[in-house]
Structures are given as C-alpha cells and as structure tokens.
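Descriptive structure summary
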Amino acid sequence: MFVFLLVGSLPVWLLLFGYFIFDPFKVLRTYDNFSFPDVLPNRDYISTEIFLNNYQQYDFNSFVFGSSRTLAFRPESWVKYLPEGSRPFIFDASGESIYGINKKIKLIDQLELKIENVLIIICLDVSFQRSANHEGHLYIKHPEISGEYFLPFQLTFLQAYANPGFLLSFYDFKLTGKFKPYMLDYLENRAITYDKVNNKMTIEDQNHELALNQVAYYEKRKDVFYQRSENQFIDTVKQINDVHKKLLFEIKQLLDKHKTNYKVVISPLYDQIKFHPEDQKILESYFGENLYDFSGKNNITDEITNYYESSHYRPTVGDTIFRSIYR
C-alpha cells in the first residue's frame, strides 16, 4: 500500500521539485536581475525587491508611482526637470491601485528616506478598482508593501503554478524553447528589461521593431488599434469611494510632511474616455494645481503612433507630458 501511494504521488513530488528548482515566478530566492522573464511576472514584487536591494546604496529621493504605463516616464528624461542631486526610482506595479501607491509611500517614509520629488500616474481603468491588497499571482502585493504574512503570498504563486494550463505552457517551453500562441496567458513573449538600479522597464523588441520600420509596426497591429468614436465620452461610473479618499488623504499628508515637489497625472489612454468630473474634483481637492488631466480626446490620444498597443503609451508621450507639467 505504501509503495502504491509513493508511486502514485511521484508526479506531484516531481512537480514540486520542479517548482523549487526553476522558481518560475522568481519569488523563492533573491535575484539581482529580473530582465527577460519567460513567465508573466508580478511587477509589484520585482519593483519592491529592486528597491529593497538598492535603496541604502543609492539613496533614492525621487519616485514614480503607478501602473505599467509608467514605462513611458523615463528616469533620464524626468531628471532633466528636477533639481541637481535627484535620484529617481520607478516604483510601479501591474494594474497599480491607489492602495498600492499609498503603501509604497508609507514604506519609503518608514525607511526614513527623503521624498523630494514624486510623479503619480492615475489610470481610469485600474487606479480605483481596489482599496485593499490585490488578488492573484500577477497582482498580489509584496509582503513588505502589504504588511501581510509571507506564507499566503507564497501559496498564491504555488497555486498559480499548479494550474494545468501553466504547467503545460511552462514545461513545453522549457523542453522546446519555443513560444506557442496557447502560452500567451502564462508566459512572456516580449523581450523586457528592468534596470537593476532604478527599475526602469523597457520593451526591447517593440522599440527595436519601431526603430526599424514604424509604418510596418502599426500595419502589423492594425486590428489592435480599434476605431474610436469621434465623440467625446465621459466615464459614467464614479470610482472614488470613502476608502479611496482616506488613502488619498494619507498620501497627501506624507507628501506635505516631506515637502515633496509632486505632480499627479491622469493617463492619456487610447480609449479616449474622459475621467469622471466628480472624481476629478475629488482629486483636485487633495492635489490642487498639481493635478494634470490628459484623459479623453486630445492631441496625445488622437495619435495612434503614441502607443505600443491599445493599452500602453510610449516614452515620447512621457516626454510630452514632462514638457507640459514642468514648463
């Protein structure tokens, strides 16, 4: 009976062995380089690990917070508008929420770092979707950010690993070295690098493709860039609730405490939906003239070539926004 159980459980033990050997999500061990991931990564974890590994040596004092759209705001561009001695760090997360931004600023404050310059990127589709820790292995917060226990965090990734679709995709790729369309939900097919110091994310292959032939790049993706209405649509759902207001109030308190030079930018998303006016008034009540709204139909969102695809805008947009808000 024992031998039968041992043989029957052998596949489980082999899969567990594979999990600890390969560490597919890179959350079991310490890494100094997260670039070129094979598996879709948890960006919050990567950002936090790079920050914790580097803050003592590099003494960061300037921070960009927001979703993966922060990739448009390059540290080397931002620093041109900041005082001499500014040391930027990109502290982003996939689908980042105001909860995540709040927690990151609190962590920096608790570590007694200076917060001299801050850029907060607000996105209509994600910033106010959550008011507590995120769920799922792609979005759950690093325990140092959430303040929650390490074990549930790790179990989230183990559960994701046990998904049959992930197992098939991961080990098929490991054996063949070839990415196949069915793997799209689990593996990363883009060449992405993360700066080992300031955490700048770069989509290397798409930038290379654009540099070679921009016309061909957009022709290849013409189905991605769907036709938008000529009319201006305003978001019909108010998103900012009382919990969000508390989180915003705490953010403002910390920015005031550090006498931070800060800017809050509402993203110019491809869908051209205008931020809800009542939500905008709430943001204005906290951030005043430091709030800049680039949502809706405008010169940035009208131009398809400002976008990698229908979700992420390019660094040329970040440079345009820098010129606008720091003029």
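The following paragraphs examine the structure supplied in this document. (Residues numbered from 1 in each chain as written. Predicted model: local features only at pLDDT ≥ 70, side-chain atom pairs only at ≥ 80, totals over all residues. Heavy atoms only, no water.)

1. Focus: the overall build of the protein
To keep it simple, the criterion reads: Helix and strand definitions here come from DSSP, where helices need a minimum of 4 consecutive H or I residues and strands a minimum of 2 consecutive E residues; each element is numbered from the N-terminal end. Atoms considered for the radius of gyration are the C-alpha atoms alone. The globule rule reads 2.2 Å times the number of residues to the power 0.38. Only protein chains enter the accessibility calculation, which uses a 1.4 Å probe; a residue whose area is less than 20% of its type maximum is buried, one above 50% is exposed, and one in between is partly exposed. Residues scored as positive are Lys and Arg, those scored as negative are Asp and Glu, and His as well as the terminal groups of each chain are ignored. Working definition for charges: the position is that of NZ of Lys, CZ of Arg, CG of Asp or CD of Glu.
Tallying secondary structure elements over the protein gives 13 helices and nine strands in all. A compact globule built from 327 residues would reach a C-alpha radius of gyration of about 20 Å, and the protein, at 21 Å, matches this within 12%. Looking at the 327 residues of the protein, the share that counts as buried comes to 52%. Computed over 36 positive and 41 negative side-chain charges, the separation of the two mean positions in the protein equals 1 Å.

2. Brief notes about the pairing of strand E2 (residues 88–92)
Applicable threshold: DSSP calls a pair of strands paired once it identifies at least 2 bridges connecting them.
Buried residues dominate E2, accounting for five of its five residues. Taken together, the five bridges between strand E1 (residues 62–66) and E2 define a ladder with parallel strand orientation. Within E2, the position partnered with Phe63 by the bridge is Phe89.

3. Section: the nonpolar core
One recurring pattern in soluble globular proteins: nonpolar side chains tend to sit buried together. The condition that has to hold: Nine residue types can take part in a nonpolar core, namely buried Ala, Val, Leu, Ile, Met, Phe, Trp, Tyr and Cys, and a core is a set of them joined through side-chain atoms within 4.5 Å. Whether two residues are in contact is decided by their heavy atoms, any of which lying within 4.5 Å being enough.
Of all hydrophobic cores here, the largest spans 73 residues; its most connected members are Phe51, Phe65, Leu119, Leu248, Leu283 and Phe287. Setting aside residues up to four positions removed in sequence, Phe51 forms contacts with Phe60, Phe63, Phe89, Phe91, Leu107, Ile108, Leu111 and Leu113.

4. Overview of the sheet that holds E1
Put simply, the rule is: Each axis is a line fitted through C-alpha atoms, taken for helices only over the stretch in contact, and angles between the N-to-C directions span 0 to 180 degrees.
What the five strands build is an open sheet, ordered E2-E1-E3-E7-E9; its pairing is parallel. Only two strands of the sheet have a single partner each, and these edge strands are E2 and strand E9 (291–293). Strand after strand, the sheet turns through a mean of 15° between neighbouring axes, direction not considered. Packed on one face of the sheet, helix H3 (residues 43–58) meets E1 and E2 and runs near 150° to E2. Packed on one face of the sheet, helix H12 (residues 277–287) meets strand E7 (261–266) and E9 and runs near 150° to E9.

5. Focus: the packing of aromatic side chains
Note the following rule: Each Phe, Tyr or Trp ring (for Trp, its six-membered ring) is paired with any other whose centre lies within 6.5 Å, and the angle between the two planes then decides the class: stacked below 30 degrees, edge-to-face above 60, tilted in between. Definition used: whenever NZ (Lys) or CZ (Arg) falls within 6 Å of the ring centre and also within 35 degrees of the ring normal, the charge is taken to sit over that ring.
All told, the structure shown has 37 aromatic pairs when counted by the stated rule. Taking the centre distance of 5.3 Å and the plane angle of 90° together, the rings of Phe89 and Phe91 count as edge-to-face. Comparing Phe89 with Phe91 shows no difference in burial state: the two are buried. A cation sits over an aromatic face here: Arg228 above Tyr270, 3.9 Å from the ring centre.

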